[in-house]
Amino acid sequence: MPFTVTMPKLSPTMEEGVIAKWHKKVGDKVAAGDLLVEVATDKATIEYHALDGGYLRQILVADGKGAIVNQPIAVFSEKADESIADYVPEGIEPVKSAASA
């Protein structure tokens, strides 16, 4: 079953972060506790480790791109060959401003 990884809240005041570096690639098997991504906040760059195991199937926010807390950043699945074609990532979508729409 596919599941979503969202931008974690890594400090009490964090509202958004920037993906500094993904440490896994699409298709990689990830175990709980594996280093998944480095997130740059306004105060520091923090390593984020996977809470659950699975296969990284899709990266939604690339290196150098920002996301708000709880915005989907990746899609995982329990099995490597599981279809994610109809899966809709869960989480908060950023509000688009009139200038970017």
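What comes next is a walk through the structure. (Residues numbered from 1 in each chain as written. Predicted model: local features only at pLDDT ≥ 70, side-chain atom pairs only at ≥ 80, totals over all residues. Heavy atoms only, no water.)

Attention now goes to unusual backbone geometry. Not every positive phi belongs to a glycine, and N70 is a case in point at roughly 75 degrees. Relative to the assigned elements, N70 resides in the loop between β7 (66-68) and β8 (72-77). (Helix = DSSP H or I, 4+ residues; strand = E, 2+ residues; numbered from the N terminus.)

Turning next to the packing of aromatic side chains. Enumeration over the complete set of coordinates arrives at one aromatic pair. A centroid spacing of 5.6 Å and a plane angle of 25 degrees characterise the contact between F3 and F76, whose relative ring orientation is stacked. Of this pair, F3 sits in strand β1 (residues 3-6) while F76 sits in strand β8; the two residues are 73 residues apart in sequence, bridging distant segments of the chain. (Phe/Tyr/Trp six-rings, centres within 6.5 Å; stacked < 30°, edge-to-face > 60°.)

Attention now goes to the sheet that holds strand β3 (residues 29-30). Strand order in the open sheet formed by four strands is β1-β8-β6-β3, and the pairing between neighbours is antiparallel. The outermost strands of the open sheet, each flanked by one partner alone, are β1 and β3. (Pairing = 2+ DSSP bridges.)

In this section: the sheet that holds β7. Neighbouring strands of a sheet are bound in pairs by backbone hydrogen bonds; such pairs are parallel or else antiparallel. If you walk across this open sheet you meet the four strands as β5-β4-β2-β7, and the pairing is antiparallel. At either margin of the open sheet sits one strand with a lone partner, and together these are β5 (45-49) and β7. Strand after strand, the sheet turns through a mean of 40 degrees between neighbouring axes, direction not considered. Here strand β4 (residues 35-40) runs beside β5; their pairing, made up of five bridges, is antiparallel. Residue pairing for β5: L35 is matched across the bridge by H49. (Axes fitted to C-alpha atoms, helices over the stretch in contact; angles between N-to-C directions.)

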